[in-house]
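So you can see what is in the structure, the chains are spelled out below.
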Amino acid sequence: MQMDIVSFTKRIYENMRLLVNIDHIATLRNARGEGYPDPIEGAAVCEEAGAAGIVFHLRGDRRHIIDEDVYRLKKSVKGTLDFEMSASEEMIRICKEVNPHLCTLVPEGREELTTEGGLNMKTVYSDFEQRVFPEFKGTGIEISLFLDPNPEDIELAHKLGADTIELHTGTFANAVDKETQLNELERLRKGAELIHEAGMTVNAGHGLNLDNLPILIEHVPHLYDISIGHALISKSIFWGLEKTVKEYLKIMDV
């Protein structure tokens with residue numbers, strides 16, 4: 001029986017991939033404004049170490065990634081390029097010009113330090129249906145929605161025709177006790193099942209690190225792209241970027 005469980009687990013996760021968010025390489029560069037470290041060079045190191053692609057978030061205030069970075073990443077990234085963005089007219093225009101593989105729509109608050117939760121689909125549904133999704137029709141760009149594991153939000157995303165849902169794992173990652181963590185893992189598990197059953201791809205990201213990623217993988221099925229940024233870039237200060245990427249890949253067993 002134990003062998004059957006191991007075999008089943010391996011079958012579920014054999015296609016899981018790591019996408020590295022390189023925003024905070026740009027944050028460090030911008031602290032001095034001297035042109036380095038270069039996030040494009042960082043992206044290349046991540047891919048050479050085995051990452052399946054690169055994530056970046058072009059914010060309205062350009063606090064880390066800037067427009068020039070976006071176009072350079074498009075030219076240099078060999079794997080999947082995931083453009084995180086708000087659904088503003090400006091970002092939609094840039095995204096269509098760049099033509100990444102994936103566009104991940106996220107909520108964006110001017111005062112937040114980082115994205116603090118998933119989209120509220122009841123609030124944005126009408127706008128997404130009438131304005132946002134039609135803009136991407138025929139472009140070949142897949143649309144991902146960054147959501148908390150709420151069944152109602154997942155159902156509305158499916159109704160819109162989203163290709164992918166990136167589950168917000170921040171509540172799990174920041175849980176202050178075991179009970180809260182387990183409750184959130186169960187919500188994520190059920191959310192992943194709903195997404196998968198609806199025929200959408202299950203991605204995940206936010207707050208993941210070397211300690212909590214194994215727990216997420218153990219409990220949540222159907223995971224495809226795992227987006228990790230701040231913890232990975234932070235650890236690379238001490239370990240180096242190549243070694244850090246490879247340590248995450250060991251956990252994912254890819």
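One can find the structure itself at the top, above this paragraph.
These numbers were taken from a predicted model, which means no experiment stands behind them.

Criteria and thresholds
- Residues numbered from 1 in each chain as written.
- Predicted model: local features only at pLDDT ≥ 70, side-chain atom pairs only at ≥ 80, totals over all residues.
- Heavy atoms only, no water.
- Helix = DSSP H or I, 4+ residues; strand = E, 2+ residues; numbered from the N terminus.
- Rg over C-alpha atoms; globule rule 2.2 N^0.38 Å.
- Buried < 20%, exposed > 50% of the residue type's maximum accessible area, 1.4 Å probe, protein only.
- Contact = heavy atoms within 4.5 Å.
- Areas by Shrake-Rupley, 256 points an atom, 1.4 Å probe, with all protein chains shown as cover.
- Lys, Arg positive; Asp, Glu negative; His and termini not counted.
- Charge placed at Lys NZ, Arg CZ, Asp CG, Glu CD.
- Phe/Tyr/Trp six-rings, centres within 6.5 Å; stacked < 30°, edge-to-face > 60°.
- Lys NZ or Arg CZ within 6 Å of the ring centre and 35° of its normal.
- Arc of directions from axis to C-beta.
- Salt bridge = Lys/Arg side-chain N within 4 Å of Asp/Glu carboxyl O.

Colleague: Before we go on, may I ask you to explain the overall build of the chain in this structure?
Modeller: Scanning the chain for helices and strands turns up twelve helices and eight strands. Computed over the C-alpha atoms, the radius of gyration of the chain is 18 Å, within 12% of the 18 Å expected from 2.2 N^0.38 for a compact globule of 254 residues. By its C-alpha atoms, the chain is 55 × 45 × 35 Å across when sized along the principal axes. Counting every position in the chain, which comprises 254 residues, the buried fraction comes to 48%. Nonlocal contacts in the chain, meaning residues at least 24 apart in sequence, comprise 67% of its contacts between residues at least 6 apart. Split by element, the accessible area of the chain, about 12400 Å² in all, is 51% carbon and sulfur. Of the side chains in the chain, 27 bear a positive and 43 a negative charge, and the two mean positions are spaced by 3 Å.

Colleague: Sorry, what's going on with the packing of aromatic side chains here?
Modeller: Applying the stated criterion to the full structure yields two aromatic pairs. Judged by centre distance (6.3 Å) and plane angle (35°), the ring pair of Phe-128 and Phe-133 falls under tilted. A relative accessible area of 3% places Phe-128 in the buried class. Positioned above the aromatic ring of Trp-239, the side-chain terminus of Lys-243 is 4.7 Å from the ring centre.

Colleague: I would appreciate a short explanation of the environment of Leu-241 in the present structure.
Modeller: Looking at where Leu-241 falls in the secondary structure, it is placed in helix H12 (residues 241-252). On the basis of relative accessibility, which here comes to 15%, the residue Leu-241 falls in the buried class. As a C-alpha pair, Leu-241 and Lys-137 span 104 residues in sequence and 37 Å in three-dimensional space. The contact partners of Leu-241, leaving out residues within four places of it in the chain, are Ile-25, Gly-42, Val-45, Cys-46, Leu-232, Ile-233 and Ser-236.

Colleague: Looking at this model, I keep getting lost on the side chain of Thr-169. Mind explaining?
Modeller: Within the secondary structure, Thr-169 sits in the loop between strand E6 (164-168) and helix H8 (170-173). According to the relative accessible area criterion, Thr-169 is buried, its value standing at 1%. Not counting chain neighbours up to four residues away, the residues in contact with Thr-169 comprise Leu-188, Ala-204, Gly-205, His-206, Leu-208 and Leu-216.

Colleague: Just to check I follow, could you spell out helix H5 (residues 89-98) for this structure?
Modeller: Residues spaced three or four apart along an α-helix point in a common direction, a consequence of the helix completing one turn every 3.6 residues. Residues of H5 that are buried include every one of Met-91, Ile-92, Ile-94, Cys-95 and Val-98, and no others. The buried residues of H5 occupy an angular sector of 165° when the element is viewed end-on, so they sit on one face. Tucked inside the fold, the buried residues of H5 contact helix H4 (67-76), strand E3 (80-85), strand E4 (102-105) and helix H6 (121-136). Of the residues trailing H5, Asn-99 is marked for its positive phi of about 60°.

Colleague: Looking at this model, I keep getting lost on the pattern of salt bridges. Mind explaining?
Modeller: For side chains of opposite charge, pairing can occur when their charged atoms come near one another. Per the counting criterion, the structure on display carries 16 salt bridges. Measuring nitrogen to oxygen at the nearest pair gives 2.9 Å for the salt bridge that ties Glu-184 to Arg-187. Here Glu-184 pairs with Arg-187, and both are found in helix H9 (residues 178-197), just three residues apart, close to one helical turn. Using a relative accessible area of 32% as the deciding quantity, one classes Arg-187 as partly exposed. Through salt bridges with shared partners, a single ionic network connects Arg-62, Asp-67 and Glu-90.

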